[in-house]
Amino acid sequence: MLQNRLFKQFEFIFLYAVLPALFVFDILSVKFLLATLWLMTFYAIFILKVTKCKFSLKLFDKNQLKSLLLRFFLLAIVFLFASYLYTPEAFFHMAKNETKLFIFLLIFYPLVSVLPQELLYRVFFFSRYSFKLSKQKQSVLNAVLFSFAHTLFGSSLVLILTFIGGLIFSQTYLKNRSFLLVCIEHTLYGYLLFVSGVGELFLQKGTLDTIRTFF
């Protein structure tokens, strides 16, 4: 049944459209967002294992990493410059004024957020489903769905950035098929958002205030 075409179509729509929509339209409270993300991720792992989908958690070579870092640094320069021009008050604010909180986010962001997102939106997405689309169109579809999942944050900037991020991450995964490499890339861009001051837009309402009480 798990490999049945109709079941996979239902699964795809439920995971990537219905569940995010429940949060967008406040049918599910945003406080359940992280738990839902991890439940989806565990489900994806279970399906990949049971159906014996061919996917790899392989490492990467130096050239792949160099190419990724070069693109990141070029985009980072442009993004940081734009961030400083439009929101100078937020630029490096957390790093300078809330250093412990900043370090906490740097440590836990890749573990709690990046890993499940990349497993669900890249590894599972491209290993589980067979698309009759070119790699470019697959990448666009992935980016649209990845961006839609962030609609609940209520920010047009978040939608734009996650769409661009979705394009970058999906192309990296389709090209290299390395879970570790795309996690590193996702983490770097996440760090960039926190440094620039934009990262707070990607956190659930009230979450940052709750975390601040521990610092």
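For the structure, check the block above.
Residues numbered from 1 in each chain as written. Predicted model: local features only at pLDDT ≥ 70, side-chain atom pairs only at ≥ 80, totals over all residues. Heavy atoms only, no water.

1. Some details on the overall build of the protein
And step 1. Across its full length, the protein holds nine helices and zero strands.
And step 2. Secondary structure elements of the protein occur, N-terminal to C-terminal, as α-α-α-α-α-α-α-α-α.
And step 3. Taken over the C-alpha trace, the protein has a radius of gyration of 18 Å; the compact-globule value for 215 residues is 17 Å, and the two agree within 12%.
And step 4. If you line up the protein on its principal axes, its C-alpha atoms span 55 × 45 × 30 Å.
And step 5. By the burial criterion, 45% of the 215 residues in the protein qualify as buried.
And step 6. Of the roughly 12300 Å² of accessible surface on the protein, a fraction of 71% belongs to carbon and sulfur atoms. (Helix = DSSP H or I, 4+ residues; strand = E, 2+ residues; numbered from the N terminus. Rg over C-alpha atoms; globule rule 2.2 N^0.38 Å. Buried < 20%, exposed > 50% of the residue type's maximum accessible area, 1.4 Å probe, protein only. Areas by Shrake-Rupley, 256 points an atom, 1.4 Å probe, with all protein chains shown as cover.)

2. Here's the deal with the packing of helix H1 (residues 5-24) against helix H6 (residues 135-148)
And step 1. Where H1 meets H6, the closest approach of the two axes is 9 Å, and the angle between their N-to-C directions is 30 degrees. Taken together, the axis directions place H1 and H6 in an arrangement best described as roughly parallel. Only Leu141, Leu145 and Phe148 of H6 make contact with H1, whose side of the interface consists of Phe12, Tyr16, Ala17, Pro20, Ala21 and Val24.
And step 2. Looking at the contact of H1 with H6, its residues break down into nine nonpolar, no polar and no charged. (Axes fitted to C-alpha atoms, helices over the stretch in contact; angles between N-to-C directions. Parallel < 35°, antiparallel > 145°, perpendicular 65-115°, else oblique. Contact = heavy atoms within 4.5 Å. Nonpolar A, V, L, I, M, F, W, Y, C, P; charged D, E, K, R; others polar.)

3. Some remarks on the packing of aromatic side chains
And step 1. This structure, assessed with the given rule, holds 24 aromatic pairs.
And step 2. Relative to Phe125, the ring of Tyr16 has its centre 5.3 Å away and its plane inclined at 85 degrees; by these criteria the two rings are edge-to-face. Linking Tyr16 in helix H1 with Phe125 in helix H5 (residues 99-128), this pair joins segments that are 109 residues apart in sequence. In terms of burial, Tyr16 and Phe125 fall into one category: buried.
And step 3. Ring geometry for Phe124 against Tyr129: centres 5.7 Å apart, planes inclined by 85 degrees, an arrangement best described as edge-to-face.
And step 4. By relative accessible area, Phe124 is classed as buried at 0%.
And step 5. The ring of Phe146 has Arg122 lying over it, and the distance from NZ or CZ to the ring centre is 4.5 Å. (Phe/Tyr/Trp six-rings, centres within 6.5 Å; stacked < 30°, edge-to-face > 60°. Lys NZ or Arg CZ within 6 Å of the ring centre and 35° of its normal.)

4. Section: the pattern of salt bridges
And step 1. Overall, the coordinates contain three salt bridges when judged by the stated rule.
And step 2. Of the charged contacts in the structure, one is a salt bridge between Glu185 and Arg71, with a shortest N-O distance of 2.6 Å. A residue pair is termed long-range when its members are at least 10 positions apart, and Glu185 in helix H8 (residues 179-196) and Arg71 in helix H3 (residues 62-86) qualify at 114 residues.
And step 3. We classify Glu185 as buried; its relative accessible area is 0%.
And step 4. Since its relative accessible area comes to 28%, Arg71 is described here as partly exposed.
And step 5. The partner of Arg122 in a salt bridge is Glu118, and the shortest N-O contact between them spans 2.8 Å. Placement of both Arg122 and Glu118 in helix H5 is noted, with a separation of four residues, approximately one turn of the helix. (Salt bridge = Lys/Arg side-chain N within 4 Å of Asp/Glu carboxyl O.)

Any link to function would need more than the numbers given here.
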